[in-house]
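Architecture at a glance
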Amino acid sequence: MSEFTLTIDGRDVAASEGMTLLEAARAAGIEVPTLCWHEALEPHGGCRLCMVELDYGEWQRLVVSCVYPAEAGLVVKTRTERLDRYRKTIVELLCAHAPESPALAALAEEYGADRHRYEAEADFCVHC
């Protein structure tokens, strides 16, 4: 497997062919929030919490890091104001489905989300 370097949160990160952005970040000790990702399952980007921002100079693009392939030279940001707003809204929506989830409660606190913003439809499924 060929190895290459990309930049995540201002740090040069080594990655290998076939790795996703999430795998590269975690291998470098950079935390990216997830709910639906598990090493024993095929990633599918269902929860959308692992979104990261690719920086292309004058414009940025949001991608789901658990399915987006790591590539040489990419510039990735895992925590920006834009991402925090996005994650806050996603957590608020997910809290309506699983209002008693400890994982969602922790994420709500981290992102300043209102766990009761949307009417609860407690089916205990976060549609990941």
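Attention in this report is confined to the structure presented alongside it. (Residues numbered from 1 in each chain as written. Predicted model: local features only at pLDDT ≥ 70, side-chain atom pairs only at ≥ 80, totals over all residues. Heavy atoms only, no water.)

**Let's talk about the overall build of the chain**
Along its length, the chain carries 3 helices and 5 strands. From first element to last, N terminus to C terminus, the chain shows the α and β order β-β-α-β-β-β-α-α. For a compact globule of 128 residues, the expected C-alpha radius of gyration is about 14 Å, and the chain comes in at 15 Å, within 12% of that figure. Counting only C-alpha atoms, the chain reaches 45 × 35 × 20 Å along its principal axes. For the chain, the proportion of its 128 residues judged to be buried stands at 41%. A sequence separation of at least 24 residues applies to 47% of the contacts in the chain between residues at least 6 apart. Carbon together with sulfur atoms contributes 51% to the accessible area of the chain, which is approximately 7300 Å² in total. Computed over 12 positive and 22 negative side-chain charges, the inter-centroid distance for the chain is 5 Å. (Helix = DSSP H or I, 4+ residues; strand = E, 2+ residues; numbered from the N terminus. Rg over C-alpha atoms; globule rule 2.2 N^0.38 Å. Buried < 20%, exposed > 50% of the residue type's maximum accessible area, 1.4 Å probe, protein only. Contact = heavy atoms within 4.5 Å. Areas by Shrake-Rupley, 256 points an atom, 1.4 Å probe, with all protein chains shown as cover. Lys, Arg positive; Asp, Glu negative; His and termini not counted. Charge placed at Lys NZ, Arg CZ, Asp CG, Glu CD.)

**Quick word on the sheet that holds strand β2 (residues 11-16)**
Reading across the sheet, the 5 strands line up as β2-β1-β5-β3-β4 and stay open at both edges, with mixed pairing between neighbours. Of all strands in the sheet, those with a lone pairing partner are β2 and β4 (60-64), marking the two edges. Neighbour-to-neighbour, the strand axes of the sheet open up by a mean angle of 40 degrees, direction not taken into account. In this structure, strand β1 (residues 3-8) lies alongside β2, joined through 6 bridges in antiparallel fashion. Bridging from a neighbouring strand, I8 pairs with R11 of β2. (Pairing = 2+ DSSP bridges. Axes fitted to C-alpha atoms, helices over the stretch in contact; angles between N-to-C directions.)

**Some thoughts on the packing of helix α2 (residues 81-97) against helix α3 (residues 102-111)**
At a closest axis distance of 9 Å, the pairing of α2 and α3 adopts a crossing angle of 145 degrees. Every pair of crossing elements has a handedness; the one defined by α2 and α3 is left-handed. Contacts between α2 and α3 pair D84, R87, K88, V91, L94 and C95 from the former with L104, L107, A108 and Y111 from the latter. Grouping the amino acids of the contact of α2 with α3 by side-chain chemistry returns 7 nonpolar, no polar and 3 charged. (Left-handed = near helix turned anticlockwise from the far one by under 90°. Nonpolar A, V, L, I, M, F, W, Y, C, P; charged D, E, K, R; others polar.)

**Thoughts on unusual backbone geometry**
Residue D9 is not a glycine yet carries a positive backbone phi of 50 degrees. Mapped onto the elements of the fold, D9 is located in the loop between β1 and β2. Judged by relative accessible area, which is 37%, D9 ranks as partly exposed.

**Comments concerning the pairing of β4**
Pairing of strand β3 (residues 51-55) with β4, which is carried by 5 bridges, proceeds in the antiparallel orientation. Within β4, the position partnered with M51 by the bridge is V64. Following β3, the chain reverses through 4 residues before pairing antiparallel with β4; G57 in that reversal takes a positive phi of roughly 80 degrees.

**Describing α2**
Its 17 residues place the ends of α2 25 Å apart at the C-alpha level, agreeing with the 24 Å of an ideal helix rising 1.5 Å per residue. Listed in full, the buried residues belonging to α2 are L83, R87, I90, V91, E92, L94, C95, A96 and H97. Next to the buried residues of α2 lie β3, β4, β5 (75-77) and α3. (Expected span 1.5 Å × (residues − 1).)

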